Structures are given as structure tokens and as C-alpha cells.
Amino acid sequence: MATTQVETVSSAADKAKLAAVAALVVASIAGFYLLSKQGALVQWATLIVGLVLAAGVFLISEPGKRFIGFARDAWREVKKVVWPTRKETMQMTLYVFAFVVVMALFLWFTDKTLEWVLYDLILGWRK
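Analysis parameters
Residues numbered from 1 in each chain as written. Predicted model: local features only at pLDDT ≥ 70, side-chain atom pairs only at ≥ 80, totals over all residues. Heavy atoms only, no water. UniProt positions renumbered as here; feature names shortened; annotations may be inferred. Phe/Tyr/Trp six-rings, centres within 6.5 Å; stacked < 30°, edge-to-face > 60°. Buried < 20%, exposed > 50% of the residue type's maximum accessible area, 1.4 Å probe, protein only. Helix = DSSP H or I, 4+ residues; strand = E, 2+ residues; numbered from the N terminus. Domains from an automatic or database assignment. Polar contact = N/O pair within 3.5 Å; in protein donor to acceptor, adjacent residues only side chain to side chain. Contact = heavy atoms within 4.5 Å.

Under an unreviewed UniProt entry, the protein chain has the name Protein translocase subunit SecE and belongs to Comamonas testosteroni. Its UniProt record gives the protein chain the following Sequence similarities (unreviewed entry) comment, quoted word for word: "Belongs to the SecE/SEC61-gamma family."

So, in C-alpha cells, the structure goes:
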């Protein structure tokens, strides 16, 4: 039997930090709309500053630290990927295009054959 492990925010400080993140996001979006008479520069500055502060508070919380660790591990894995050369990429692209053309012709031929069988031979709708 497989057990599912659910991670939750455990400490009250982390819960408070995540609540502050949510409040900052809501406040920055509300500020963006409420400051519409102040001009676009003030609106966007309010939104960006609020979102940057929310991101900063999130990153110092425990879930934020886990996210940073995950991002580092993911980046480390991306560095291990062996990317195809330009020649290999071009060859595979041509193979895909050729396959698409062949399949399009095959489907067109199948469609026309079925159309001929059904309409001309069986139903006799065309003369």
C-alpha cells in the first residue's frame, strides 16, 4: 500500500509569512487599480514594488527556501542535458516535415478513396 506524504507549513512564523505574501499581492494589485488617477508610472511602481516585496517575504519562508533548493537542483539537472547539434536538429526537423507531408498525402488519398467508394459506387450520387 502506497502512503502519501503531504507537506504542510508547520511553524506559526511561516504561516504568518505566507499570509503576509498573500496580503502584499492583494495590496499591490489593489494599489494598482486604486492609484489609476496618479498615472501609469505610479500604478506600475506600486504593483512591481508590492510583488517584489511579496517574493522577498516568500523566499525567506521555509517553503521559499525549499523552492530555492528545488530550483538549484533543477538547474543542475538542466546542465547535465546533452543538447543536439545544429545539424542533428535540422535533420530531425526535416524528418518531421517529411513525415507530415507523407501523412497528409496518405490521409488525402484515403479520404478521396472513401468518398469515391461511398458516393460513386455504393450510393450512386454522382454520375
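The structure having been displayed, the exposition proceeds.
(A) Local environment of the packing of aromatic side chains. Evaluation of the coordinates by the stated rule reveals 3 aromatic pairs. A ring pair is formed by Phe-32 and Tyr-33, whose centres lie 5.2 Å apart and whose planes are at 85°; its orientation type is edge-to-face. What makes Phe-32 buried here is its relative accessible area of 14%. Residue Tyr-33 is classed as exposed on the basis of its relative accessible area, which comes to 58%. Taken together, a centroid distance of 5.0 Å and an interplanar angle of 70° make the contact between Phe-32 and Trp-44 edge-to-face. Taken as a pair, Phe-32 in helix H1 (residues 12-34) and Trp-44 in helix H2 (residues 40-59) lie far apart in primary sequence, 12 residues in all. Put simply, the rings of Phe-32, Tyr-33 and Trp-44 touch in pairs and so form one group of aromatic residues.

(B) Representation of the domain arrangement of the protein chain. Along its sequence, the protein chain is organised into domain 1 (10-78) and domain 2 (83-126). One C-alpha centre belongs to domain 1, the other to domain 2; they are set 50 Å apart.

(C) Layout of the side chain of Gln-43. Here Gln-43 lies in helix H2. Since its relative accessible area comes to 13%, Gln-43 is described here as buried. Polar side-chain contacts of Gln-43 include one of 2.7 Å to the backbone oxygen of Phe-32. Not counting residues up to four positions away in its chain, the partners in contact with Gln-43 are Phe-32, Leu-35 and Ser-36.

(D) Representation of the UniProt feature "transmembrane region" (unreviewed entry) in the protein chain. According to UniProt, the "transmembrane region" (unreviewed entry) feature falls on residues 18-35, 41-60 and 92-110. Taken end to end, residues 41-60 is 95% helix and 0% strand, and its first and last C-alpha atoms sit 29 Å apart. Between the end C-alpha atoms of residues 92-110 the distance is 27 Å, and the span holds 100% helix and 0% strand.

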